[in-house]
Each structure stands twice: as C-alpha cells, then as structure tokens.
Amino acid sequence: MSIIAIVGRPNVGKSTLFNRLVKRREAIVDSVSGVTRDRHYGKSEWNGKEFSVIDTGGYVIGSDDIFEGEIRKQVQLAIDEADIIVFVVDVEQGITPMDAEVAKILRQVEKPLFMAVNKVDNAMRDADAVEFYNLGLGEYYTISSINGSGTGELLDAIAEEIPEPLEDELKEDELPRFAVVGRPNAGKSSFINALIGEDRNIVTNIAGTTRDSIDTKYNRFGFEFNLVDTAGIRKKSKVKEDLEFYSVMRAVRAVEHCDVAVLVIDATRGFEGQDEKIFWLAEKNRKGIVILVNKWDLVEKETNTMRDFEAKIRQTVAPFTDVPIIFISALTKQRIFKAIETAVEVFENRKRRIQTSKLNETMLEIMEHNPPPATKGKFIKIKYCMQLPTHTPQFAFFANLPQYIRDPYKRYVENQLREHYNFNGVPISIYFRQK
C-alpha cells in the first residue's frame, strides 16, 4: 500500500487536509466508535485505491515558531519514507522563506510530488496562487481544505500515481508474516537473533541501527513463517534525529504487510506513548497482536510485579484487552519459544471461521437472555447472525432496529464472542444491519 506524506511549514492547513482525506473514508467505511487514537496517521481510499496518509506536522515537537531545522528534518524523513509527497502552501501568506527552503529540498526528489495551494476559496485567491510557480515545482493544485473544494482533483491526480492493487496480495497458502515492531532500542533485533540463533542483524546499543526492514524465513520447532524486522533503514547521522516520526513511519509499512504484529516493549521503560501508537496502528489495520515485554531480566521483582505490569498495559489498551502479553528476555532467551508459539496461535485465531448454524445457536440465545435495551419504547430484536467472508473476523447481526443499538451493547456482544470462541490477539469488527 502506498504511503502519502503531507509536508509543509506550520499553519498552512496540513492537518485539515489530512482530516479531510482520512475522514472521507472513515465516515463511511470504518464505523469505528470513539476518537481516532492517533491523529497523524490514517487510511484513505479514492477511485478504488487504498493508501495511507501521514501528517508530518503532527510529529514536529514544539510550538508554531519551531526552528526551521526541525521542519527540514521532517521533510527529509518524509522523502526517504513515503511513496508520494503532498507539499502544502498557503495562498494568504504567499511564498515565505521557509516555503522556499522546503521547495529547495523537494526539487531534488525523484518521487511523485504534488503542490497544494491551500485556502483558495474565491476567484481572486485563485489568481494569487500563480505566484507559487516561482517555487520551481511546476504545476500546482488549488484547494480549500476547510470546505473541501479542489481536493477531488488533487486526489484524482494522486490516485493516478498509485499502482493498481495486485490480485489479492495475501494468498492463502503464503507463509504467515510476523512483523517485529516497537520503539527504537526495545530489543527487536535481539529478539530476532535469539530466535534465529545467529547474529544476523547487527545489534548495538545505539537507537535505530538496523539499516533495513529485513525479511527472514524462519523454520524451526516445527513452525514456518516470515519474520519482518522493522528497526528500519537508519543512517548513522540521523540517529539523533526525530525517531518518533521515523519509527511510526517504519511500523506503518511493516504492519500493513503483516498478519501478526509482534510488539516488543522495553520492560525498564514501561508501555509508553510510542508503544501505544504502534499498538493502535496494528489494531486499526485489523492485524493480530502479541505484546512482548522484553528485558524482563533487568526488572526488580516483587510478588506481584508481573501481574501489576500486565494490568497496567491492559488498562492502557482498553477496550481491546483480549491480547496476549508475554514477559521475555531476548538476552537470556527466556520464553522466546512461547512468544513464537503465541504468534502462531494468534495467526490461526485470525483465520478462524465459525459455522453460521453454531454461531446462531450460541449468540441468539445469549442475546435473548440479555437483549439490547429498548429505546423510545421500541424493542430491539436480533434475528440472525453470520460471520462475513473477509480476511479478518467480522460479524453481521441482523436486527429490526439496528440504528438504536448503542456502543456498550456492541462491546457486550464482542465480549461474548470472545468468551465462546478463541479470538485472542485479534481485533473483531461487528456490524448491526437491517433485517
């Protein structure tokens, strides 16, 4: 899947454009309740092509008067990592020195590049936009990301650059792909080396030393699968730079192409914001998830240490708490095999199909005993349910008044499904439809 990065200096409307691109799809396709956990990454679709959008602005730390170096760095990272770049400028401000700086970097880019002149909401401003030819980036698109005018043309042009999706990229017979993801220095490479039993990835203590996301075919203990190490291409000079944005970008790519995300976290640092981002990224992409708490040998133990640590993680990832958490040490190889065994189980859970007759037998009885609460004096009856023929577990429940079924009840139904069938580590989608 192609990754599109939105770049530009602060306050030109990058986030508004990002929201417009992402919401268009989310409003229709993903009827996911609640807030989007991570505002800077989203999936979108246009003309039948899916792509990921990243708002680089969200990763620039600090206020609006950020020193220019920070923005330059963001642009450089986006160029290295994204497939397509959208450069946003502001017609009200005209060309600023910072825009000229960014354009200078972008002129050397070989990848598809689109310049979007934002805040063009009348004919006069349309004429003003001509000035941006001076940046030397060729054609531009005039848009108003607040009211959406012009974004269709921009998206049409972007979609042209996105290659046709390959015929069902995930073939049934292909080996499962496990992506080892996590913050820099959590021990991803050490974990893979402990598994493979050879130091094939150079492990040092500098954050972000793995040069490339490497696939390793793994065949031991009777399991066979592909391991994807995502520590990421990282030139030494960039190690000090903005690793937050970088490792999310890396994880996006790996997570989208895997079946199960193995999230490695550092026990000495706890479950941090960055780990959470990667967790929700995998959940949003409907991938299997296993959490490995690495460096457990370095933690001072008391009677309930493990239990408390686990409870804390589950609290953070609620409501999706049905996730395996395993305490390992890549150094001493403690519970390494258990980690892989669990990843394989999660992979199997993700493929689990439940017979329609059995599903109805179990679930309809539960719902009869505990139906959705009546709304406005109307009683809701659920008459039939089935698992949809999708790659990931999705269920449709047919009811007379699906519009009155609220989120707490959806969660109740999901919990019942999890109680009766093993979907440990796998996000489930539930839809209520009109019978």
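For the structure itself, consult the block above.
Residues numbered from 1 in each chain as written. Predicted model: local features only at pLDDT ≥ 70, side-chain atom pairs only at ≥ 80, totals over all residues. Heavy atoms only, no water.

### Concerning the packing of helix α6 (residues 188–196) against helix α10 (residues 336–350)
Two numbers describe how α6 lies on α10: the axes approach to 10 Å, and their chain directions differ by 95 degrees. Between α6 and α10, the crossing angle belongs to the class labelled roughly perpendicular. Within the contact between the two elements, α6 uses Phe191, Ala194 and Leu195 and α10 uses Ile336, Ala339 and Ile340. Classifying every residue of the contact of α6 with α10 gives six nonpolar, no polar and no charged. (Axes fitted to C-alpha atoms, helices over the stretch in contact; angles between N-to-C directions. Helix = DSSP H or I, 4+ residues; strand = E, 2+ residues; numbered from the N terminus. Parallel < 35°, antiparallel > 145°, perpendicular 65-115°, else oblique. Contact = heavy atoms within 4.5 Å. Nonpolar A, V, L, I, M, F, W, Y, C, P; charged D, E, K, R; others polar.)

### A closer look at the nonpolar core
Ranked by internal contacts, the top residues of the largest apolar core, which has 59 residues, are Phe87, Leu106, Val181, Phe279, Ile291 and Val293. Among residues more than four places away in sequence, those in contact with isoleucine 291 are Leu263, Ile265, Phe271, Phe279, Ile313, Val323, Pro324, Ile325 and Ile326. Counting residues in each nonpolar core, the second largest holds 28 residues, with Tyr218, Leu227, Leu292 and Ala343 among its members. (Core = buried A, V, L, I, M, F, W, Y, C linked by side-chain atoms within 4.5 Å. Buried < 20%, exposed > 50% of the residue type's maximum accessible area, 1.4 Å probe, protein only.)

### Concerning the packing of aromatic side chains
Inspection of every chain in the model, using the stated rule, returns 13 aromatic pairs. Here the aromatic rings of tyrosine 133 and tyrosine 140 are separated by 5.0 Å at their centres, their planes lie at 55 degrees, and the arrangement is tilted. You can call tyrosine 140 buried: its relative accessible area is 16%. Taken together, the aromatic side chains of Phe178, Phe225 and Phe347 make up a single cluster linked through ring pairs. (Phe/Tyr/Trp six-rings, centres within 6.5 Å; stacked < 30°, edge-to-face > 60°.)

### Quick word on the environment of phenylalanine 337
As for its position among the elements, phenylalanine 337 is in helix α10. A sequence separation of 143 residues divides phenylalanine 337 from alanine 194, and the C-alpha atoms of the two residues are 9.7 Å apart.

### Regarding the pattern of salt bridges
Under the criterion given, the structure shown has 14 salt bridges. Aspartate 90 is paired through a salt bridge with lysine 119; the nearest N and O atoms lie 3.0 Å apart. Taken together, the positions of aspartate 90 in strand β4 (residues 84–90) and lysine 119 in the loop between β5 (113–118) and α4 (123–128) put the pair 29 residues apart, joining distant regions of the chain. With relative accessibility at 2%, the residue aspartate 90 sits in the buried group. Among the ionic pairs, aspartate 259 bridges to arginine 350, the shortest N-O distance being 3.5 Å. On the criterion of sequence distance, the pair formed by aspartate 259 in the loop between α7 (243–256) and β10 (260–266) and arginine 350 in helix α10 is long-range, its members being 91 residues apart. Here aspartate 259 falls in the buried class, since its relative accessible area comes to 8%. Through salt bridges with shared partners, one network takes in Arg183, Arg269, Glu272 and Asp275. (Salt bridge = Lys/Arg side-chain N within 4 Å of Asp/Glu carboxyl O.)

### Comments concerning the sheet that holds strand β14 (residues 394–399)
Within a beta sheet, neighbouring strands are joined by backbone hydrogen bonds and run either parallel or antiparallel to one another. With mixed pairing, the three strands of this open sheet are ordered in space as β13-β14-β15. Pairing within the sheet leaves two strands with one partner each, and these edge strands are β13 (382–387) and β15 (429–434). Across the sheet, the mean angle from the axis of one strand to that of its neighbour is 20 degrees, orientation sign disregarded. Inspection of the sheet shows β13 paired to β14 by five bridges, in the antiparallel sense. Each bridged residue has a counterpart across the sheet, and for glutamine 387 the counterpart in β14 is phenylalanine 395. Most of the contacts of helix α11 (residues 356–369) go to β13, to which it runs at about 140 degrees, and overall it touches β13 and β14. Along the sheet face, helix α12 (residues 407–420) touches β13, β14 and β15 and points at about 120 degrees away from the line of β15. (Pairing = 2+ DSSP bridges.)

### Some details on a negative patch on the surface
The grouping of Glu153, Asp156, Glu160 and Glu161 at the surface amounts to a negative patch. With respect to the helices, strands and loops of the structure, glutamate 153 is situated in helix α5 (residues 151–161). (Patch = residues over 30% accessible without salt bridge, like charges linked within 9 Å, V, L, I, M, F, W, Y side chains within 5 Å. Areas by Shrake-Rupley, 256 points an atom, 1.4 Å probe, with all protein chains shown as cover. Lys, Arg positive; Asp, Glu negative; His and termini not counted. Charge placed at Lys NZ, Arg CZ, Asp CG, Glu CD.)

### Here we look at the sheet that holds β5
Spatially, six strands are ordered β2-β3-β1-β4-β5-β6 in an open sheet, and the strand pairing comes out mixed. Both outer strands of the open sheet, β2 (41–46) and β6 (141–142), are each paired with one neighbouring strand and no more. Two strands pair when backbone bridges link them, and β2 and strand β3 (residues 49–55) are joined in this way by six bridges, in the antiparallel orientation. Following the sheet pairing, glycine 42 is matched in β3 by valine 53. Packing against the sheet, helix α3 (residues 97–106) makes contact with β1 (2–7), β4 and β5, and its axis sits at approximately 160 degrees to β4.

### Observations concerning the environment of glycine 182
For glycine 182, the location among the structural elements is in the loop between β7 (177–181) and α6. With a relative accessible area of 6%, glycine 182 lands in the buried category. Counting along the chain gives 84 residues from glycine 182 to aspartate 266, while the straight-line C-alpha distance between them is 8.9 Å. Excluding residues within four positions of it along the chain, glycine 182 makes contact with Lys188, Leu263, Val264 and Ile278.

### Some thoughts on helix α8 (residues 273–284)
Its twelve residues give α8 an end-to-end C-alpha distance of 16 Å, which sits within 8% of 16 Å, the value for a rise of 1.5 Å per residue. Taking burial as the measure, the twelve residues of α8 include nine buried ones, the bulk of the element. All of the buried residues along α8 are Gln274, Asp275, Lys277, Ile278, Phe279, Trp280, Leu281, Ala282 and Glu283. (Expected span 1.5 Å × (residues − 1).)

### Here we look at the packing of α11 against α12
Relative to each other, α11 and α12 sit at 135 degrees, their axes nearing to 11 Å. Our classification of the angle between α11 and α12 gives oblique. For the pair α11 and α12, the crossing hand works out as right-handed. Between α11 and α12, the contacting residues are Leu359, Thr362, Met363, Ile366 and Met367 on the first element and Tyr409, Tyr412, Val413, Gln416, Leu417 and His420 on the second. (Left-handed = near helix turned anticlockwise from the far one by under 90°.)

These values are about where atoms sit, not about what they do.
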